[in-house]
Amino acid sequence: MIMDNCILYELLVYSEWKEEPELKCNRHVEDAKSIAGILFRSFKSAFKTVTNKEAHDDSIFRLINAQLPWQFAVGEKGKVVAIMQNEILEIRTSRDEYSSVVGKAGIPKDPYPQWRKLAWSPDCSMLACAQSNGIVGFYDLLGSNIFNIYPAKYNDQNVFSDIKHALVCVIFLEGRVKSPKWSYELITVDGMGNLKNGYQENHSFSFAKSYVGGVTDVVYHAPHNLLYVVGSSNILDINQQQDQGSKMGISAWRILNDYPFYKLAKSVSDDDNDSAHHMMQSKVWSWIPFFFRKIQSDIYKIQISPLGKYMVCLHTSGSISIWLLPSIRFWKLNSQPNYDVKNNVFLDQRRSNLFSVSESILYHPVDVNWWSEEAIIIARYSGSISVCSINDLQNLLGDLPEFFDGQPRVSSMCDKGFLGLECVCMVSSIKKRLLEDDQNWEELSMSG
């Protein structure tokens, strides 16, 4: 509940999982086996530094790879929850406060688990699970695999091992064409901007002409039947505060029943040639050397408020923008209240955490969702969780945020609160453990 702009809350742990220990090889040792690989990566790194191609691709790649490998999705305001683990998919319900598993399925181990997607259909009769290679599996409430859809040119002998086919969104819509077989329509969009519609691909579309640098996220705005798409912007300086979404990489697309099925919706403040201007800027400025440019702030995650009145965006620079179309509120990272609060309790543990992140993004937002129409939930790579007013980003939980372990994922507000996913993962040295075991054995032998 909210009283005098403060939230009285209780923190509950509904379920815990314990993973079996897994042997991790040192990536640098493996890489050292290939001299050609080292030379190639050195050349690639130098090329990106000179051309600043790193600004969009690698910055988002680093941010997403530093997130938790597990995913979770909440359906029907918390009545059902799906947790996508490394190789297991679990479905739980709020009927027993998520204490028991009602559905379970085995899923393939993914080399890029952070790039997977999970989404419930509106009636929660179907769960879509997208792998980083673009394969989407569909499951019922009991965890039974109903069917799968595959990306173009996919076959079992030619397994995709990179993320160029990874999806940025999986969206269920009310069907534009009524069908006795399907209650809802499915839309998927990959990072290149390729949209596929339907379980058997009724039609396709591409946002590539407007987003030559790729698409980072897509959300559906039900009140106005729009798709909001975000990608690389043509803003060359994060200190430039813009009041036009098109210049910050945001665009709205009307959903049509007939060809071309999607049409760019322009506001009265947008120039008629804005789309072409954005495309030209993306092509030209992506090749300007970095010393002529300042830090970019591309949007890589967006969430629509419960009533569809606001939209919150996370930027690669750590900034947060909140939109009441067509106006904008924009908070740079260093202007966000208490963004750099440290978690002293887990400070020592984080030094040996498998999912520890670099200091450069430690205080960046990792996830965002809506508490209400007037407050957002912000999770950071440092583990801090806060519920903030959209007016000034002041924390409504108190003077200090709550802390989860790892890089938390958060849901929107459910009936009793919001759900969060955290992970404690400790790394221990096998050599150190063997030495300790030898010392213990010597002590036992001497005492005997």
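Residues numbered from 1 in each chain as written. Predicted model: local features only at pLDDT ≥ 70, side-chain atom pairs only at ≥ 80, totals over all residues. Heavy atoms only, no water.

- Per an unreviewed UniProt entry, the recorded name for the protein is Neuroblastoma-amplified sequence N-terminal domain-containing protein, and the organism is Ladona fulva.

1. Observations concerning the overall build of the protein
Here is step 1: Along the backbone of the protein there are six helices and 28 strands.
Here is step 2: Looking at the protein alone, contacts between residues at least 24 apart form 51% of all its contacts between residues at least 6 apart.
Here is step 3: Entry remark: accessible area of the protein is about 24,600 Å², with carbon and sulfur atoms responsible for 54%. (Helix = DSSP H or I, 4+ residues; strand = E, 2+ residues; numbered from the N terminus. Contact = heavy atoms within 4.5 Å. Areas by Shrake-Rupley, 256 points an atom, 1.4 Å probe, with all protein chains shown as cover.)

2. Here's the deal with the environment of Ile83
Here is step 1: Within the element layout of this structure, Ile83 appears in strand β4 (residues 80-84).
Here is step 2: Sequence separation between Ile83 and Gln71 is twelve residues, and the spatial gap between their C-alpha atoms is 5.9 Å.
Here is step 3: With sequence-adjacent residues up to four places away left out, Ile83 is seen in contact with Trp17, Trp70, Gln71, Phe72, Ile88, Leu89, Glu90 and Arg92.

3. Considering the packing of aromatic side chains
Here is step 1: Taken as a whole, this structure holds 16 aromatic pairs when the rule is applied.
Here is step 2: On the numbers, 5.1 Å between centres and 70 degrees between planes, the contact of Tyr14 with Tyr98 is edge-to-face. Within this pair, whereas Tyr14 is found in the loop between β2 (6-7) and α1 (27-31), its partner Tyr98 is found in the loop between β5 (88-93) and β6 (103-106), the two being separated by 84 residues in sequence.
Here is step 3: Look at Tyr14 and you get partly exposed, because its relative accessible area is 31%.
Here is step 4: The interplanar angle of 35 degrees and the centroid separation of 5.9 Å between the aromatic rings of Phe61 and Trp115 together place this pair among those described as tilted. Of this pair, Phe61 sits in helix α3 (residues 57-65) while Trp115 sits in the loop between β6 and β7 (117-120), placing them 54 residues apart in sequence.
Here is step 5: By relative accessible area, which is 15% here, Trp115 ends up buried. (Phe/Tyr/Trp six-rings, centres within 6.5 Å; stacked < 30°, edge-to-face > 60°. Buried < 20%, exposed > 50% of the residue type's maximum accessible area, 1.4 Å probe, protein only.)

4. Here's the deal with the pairing of strand β11 (residues 167-174)
Here is step 1: In terms of burial, β11 is largely enclosed, as seven of its eight residues are buried.
Here is step 2: Taken together, the seven bridges between β11 and strand β12 (residues 184-190) define a ladder with antiparallel strand orientation. Note that in β12 the partner of Glu174 across the bridge is Tyr184. (Pairing = 2+ DSSP bridges.)

5. Quick notes on the sheet that holds β12
Here is step 1: Ordered by their spatial adjacency, four strands build an open sheet running β11-β12-β13-β14, and the pairing between neighbours is antiparallel. Lying at the two open borders of the sheet, with one neighbouring strand each, are β11 and β14 (203-206). On average, each strand axis in the sheet is inclined to that of its neighbour by 20 degrees, with strand direction left out of account. (Axes fitted to C-alpha atoms, helices over the stretch in contact; angles between N-to-C directions.)

6. Description of the confidence of the model for the protein
Here is step 1: Of all residues in the protein, 71% attain a pLDDT of 70 or more, and the chain-wide mean is 79.
Here is step 2: Across residues 36-43, where pLDDT falls below 50, the model places three contacts with residues more than four positions away in sequence or in other chains.
Here is step 3: Residue range residues 441-448 is modelled with pLDDT below 50. Its contacts to residues more than four positions away, or to other chains, number zero contacts. (pLDDT = per-residue confidence, 0-100.)

7. Examining the pairing of strand β20 (residues 311-315)
Here is step 1: Among the five residues of β20, five are classified as buried, and the element is accordingly described as predominantly covered.
Here is step 2: Of the two faces of β20, the one lined by Met311, Cys313 and His315 and the one lined by Val312 and Leu314 are each fully buried.
Here is step 3: In the sheet, strand β19 (residues 299-304) pairs with β20 via five bridges, with the strands oriented antiparallel. Of the residues in β20, the one forming a bridge with Ile302 is Cys313.
Here is step 4: Turn length for the β19-β20 hairpin, with the two strands adjacent in sequence and antiparallel, is six residues, and the turn residue Gly308 shows positive phi of about 75 degrees.
Here is step 5: With four bridges connecting them, β20 and strand β21 (residues 320-324) associate as antiparallel partners. Counterpart to Met311 in the pairing with β21 is Trp323.

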